[in-house]
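Structure assessment
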Amino acid sequence: MTNSFSDNFRIFCAIVRREWTVIKKRLWKLIIDGLVVMIGLVFSFSHLFPLLGMPKKLIAPIYLGNIITSLFIMGYTLAHRIVYDVKDNKFINYQMTLPLPKRWLFAAYVTAFVIEFFLVTVPLFVAGILIIKADINFANTSILSFAAIYLISLVFFALFYLGISLFFDFIWFRDNIWPRLLHPLLILSPIFVPWKLAYKFSPSIGIFFLINPLTYVVEGFRSSLLGNEQFINNIYCTLVVVLLMIPTTYLVYRGVHKRLDPV
Amino acid sequence: MASNTTKKFLFFLQLLHRDFYIFFKNFTTDAINNGLIFPLMYAFFFAYIQSQLYFETDMLQERTIMFIGNISLLTLVSSYHFTFPLLFDFEGARHVDYEIRTLSPRLVILEKIVFATLATFALILPFFPFCKLLLQNKFDTSNTNWIQLFIILFLGSLCVSAYYFLAICILKNASRINNFWLRFNLPLLLLGGFWTPWYITMKVFPALGIATLANPFLYITEGARQTIVGGSKFLSFPVSVTALICFSLLFTMLTFYFLKNELIIFNQNGCIP
């Protein structure tokens, strides 16, 4: 006999509630971690770089780009937990035996990731924006567009990190995930330079950056808060990030089948 | 018959030999990750793209100054790879308990620091020459003193390795590694001249500039900048060398002190030969 939608939803809510209890316990620790990253980056880019010769107009776009760095580090922490769980505790194996379709179980994981990302990052970004507000022109800001791209990006990150934590084995993840995947994604993206500037500097580099999914996330943040003129259009970025969820969902699917033997 | 000291020295060399045997077995992976991917990425992005977009075309020296700071991150990442297995070992197989049956705990730790230093140095050594090959005239090495630079890199490896072993003694479990990176390494990195040199910090916040003199990573970046770019803007080579040696000694002594709970107690329970 299969579960009804309401049965599945009830179990889903129970899993999310349990994750919420765990999130509440470590929320402050995560906020402190994020605060350290945010202060360090804001200080470097808004106070030190201009003295070395960087134009002040780049402060706001680069700060927004660095939001991705915080999300990246946080996502890694979450993925790290799953990797250790699959290797040692195997709590996930217990959850796999629950009378719940697997897509509901992993949707609960993604939901918990998104809640955690959201709660930790929003206060930090608001604080960062307040610190550098003198260098931000809010004339073209669209809060609604920003909220949309932001939430979609959080779901994308949750799927991506869940996917890589299940797809790669522990040793490979520990030794190679930063140098071979995360670092190249982070460095070879327009996080530290707006995309259009990079394209103007070298069209081939600009096109190369378009392969990187982070380009659409970061440019989406910029265009929704600073206007579409200097950055890739917000609607286009949002659409691409939504489309990128297809391969990341497939990565989760492959990871589950590779590592967890679902029945 | 060999004296006790000779025996200990031979055991020490044997442990070092074993560590290097494993190092060479994993050499391809380490060389690809740290010796190839990092220099390629950093040279391409930080020295080629970022520096040219941030600064005017005639600011070659500023670009070089900014790029050099990347060495501190590379040293941290490389050394982490050779030091933190000890922390995983504390929580897992405790191979270290076997090692201290053959050698005193302090010598075991000293051997691990020596190995981590040499292995880290071997991985970071080609970074600047490789970047020069890639970047050609976009990386200003006209005033570089390569020998002094390699001395700084060696001492930087020693200092970071000793710092990590101290961190291992204080952390005691692997679940706190992420906190350690975010709350200690990242601020030390950013305030240690990773992107901007010390004189800029002194210009904006003199008090902070003075406080950062207590940051060991600062002497790696300042030493590297001084030996590559030269001039009077950076801390001098002797100052950086002296500071790195002092920090290395301090971290090693503190490691010995904090490790006594972890290792020496076990050693005194009749396990030493």
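For the structure, see preceding data.
Here's a quick rundown of the structure. Keep in mind the model is a prediction, meaning the values are calculated, not measured.

Rules and cut-offs
- Residues numbered from 1 in each chain as written.
- Chains lettered and ligands numbered in written order.
- Predicted model: local features only at pLDDT ≥ 70, side-chain atom pairs only at ≥ 80, totals over all residues.
- Heavy atoms only, no water.
- Helix = DSSP H or I, 4+ residues; strand = E, 2+ residues; numbered from the N terminus.
- Rg over C-alpha atoms; globule rule 2.2 N^0.38 Å.
- Buried < 20%, exposed > 50% of the residue type's maximum accessible area, 1.4 Å probe, protein only.
- Contact = heavy atoms within 4.5 Å.
- Areas by Shrake-Rupley, 256 points an atom, 1.4 Å probe, with all protein chains shown as cover.
- Salt bridge = Lys/Arg side-chain N within 4 Å of Asp/Glu carboxyl O.
- 1 Å grid on protein atoms, 1.4 Å probe; cavity = no way out; pocket = protein on both sides within 12 Å on 5 of 7 lines; lining within 4 Å.
- Points joined across faces, edges and corners; volume = space filled by probe spheres on them.
- Nonpolar A, V, L, I, M, F, W, Y, C, P; charged D, E, K, R; others polar.
- Polar contact = N/O pair within 3.5 Å; in protein donor to acceptor, adjacent residues only side chain to side chain.
- Phe/Tyr/Trp six-rings, centres within 6.5 Å; stacked < 30°, edge-to-face > 60°.
- Lys NZ or Arg CZ within 6 Å of the ring centre and 35° of its normal.
- Buried area = accessible area lost by both parts, 1.4 Å probe.
- Axes fitted to C-alpha atoms, helices over the stretch in contact; angles between N-to-C directions.
- Left-handed = near helix turned anticlockwise from the far one by under 90°.

Secondary structure assignment for chain B yields 14 helices and zero strands. Taking 19 Å as the expected radius of gyration for a compact globule of 273 residues, we find that chain B reaches 20 Å, a close match to that expectation. Expressed as lengths along the three principal axes of its C-alpha atoms, the size of chain B is roughly 65 × 40 × 35 Å. Relative to its 273 residues, chain B shows a buried fraction of 55%. The long-range share in chain B, meaning contacts at least 24 apart out of those at least 6 apart in sequence, stands at 81%. A total of about 11,600 Å² of accessible surface is found on chain B, and carbon and sulfur atoms cover 67% of it.

Moving on, we come to the pattern of salt bridges. Within the structure shown, the criterion is met by 10 salt bridges over all chains. A salt bridge links A:Asp7 to A:Arg10, with the shortest nitrogen-to-oxygen separation between them at 3.5 Å. Pair noted here: A:Asp7 and A:Arg10 are both in helix H1 (residues 5-52), with a separation of three residues, about one helical turn. Among the residues examined, A:Asp7 registers a relative accessible area of 27% and is labelled partly exposed. Relative accessible area serves as the criterion here: at 58%, A:Arg10 is assigned to the exposed category. A salt bridge links B:Arg183 to A:Asp33; its shortest N-O distance comes to 2.5 Å. With B:Arg183 in helix H10 (residues 177-190) and A:Asp33 in helix H1, this pair bridges two chains. On the basis of relative accessibility, which here comes to 30%, the residue B:Arg183 falls in the partly exposed class. Connected via shared salt-bridge partners are A:Arg26, A:Arg81 and A:Glu116.

The volume enclosed by the second largest pocket comes to roughly 830 Å³. A:Arg26, A:Thr77, A:His80, A:Arg81 and B:Ser175 are, among the 28 residues lining the second largest pocket, the residues nearest its centre. With nine residues, the top contributor of residues to the lining of the second largest pocket is helix H2 (residues 59-89) of chain A. A class-by-class count of the residues in the lining of the second largest pocket yields 10 nonpolar, seven polar and 11 charged.

Looking at where A:Glu19 falls in the secondary structure, it is placed in helix H1. Within the structure, the side chain of A:Glu19 is placed 3.3 Å from the side chain of A:Arg18, a separation counted as a polar contact.

Here the focus is the packing of aromatic side chains. All names here are of chain A. Under the counting rule described, the total for this entry stands at 73 aromatic pairs over all chains. Over the ring of Phe-170 we find Lys-87; its NZ or CZ atom is 4.5 Å from the centre of that ring. A cation sits over an aromatic face here: Lys-258 above Phe-167, 4.0 Å from the ring centre.

Further remarks concern the interface of chain A and chain B. Facing the 43 residues of chain A at the interface are 40 residues of chain B. Between chain A and chain B, a total of about 3,700 Å² is buried, with carbon and sulfur atoms accounting for 78% of that surface. Where chain A packs against chain B, one counts one salt bridge. Linking chain A with chain B are six residue pairs in polar contact (both at pLDDT 80 or more). Element by element, the count of residues in the side of chain A that touches chain B is highest for H1(A), at 15 residues. Of the residues contributing to the side of chain A that touches chain B, the split by class is 29 nonpolar, nine polar and five charged.

Residues and elements named next belong to chain B. The N-to-C vectors of helix H3 (residues 60-68) and helix H13 (residues 216-228) enclose an angle of 145°; their axes lie 9 Å apart at closest approach. Crossing of H3 against H13: the hand is right-handed. Side by side, H3 and H13 meet where Thr-64, Ile-65, Met-66 and Ile-68 of the first sit next to Thr-221, Ala-224, Arg-225 and Ile-228 of the second. A per-class count over the contact of H3 with H13 returns five nonpolar, two polar and one charged.

Below, the discussion takes up unusual backbone geometry. Backbone geometry follows two general trends: most residues other than glycine have a negative phi, and most peptide bonds adopt the trans configuration. Residues other than glycine seldom take positive phi values, yet B:Gln136 does so here, at roughly 50°. Position of B:Gln136 relative to the elements: it lies in the loop between helix H8 (127-135) and helix H9 (146-171).

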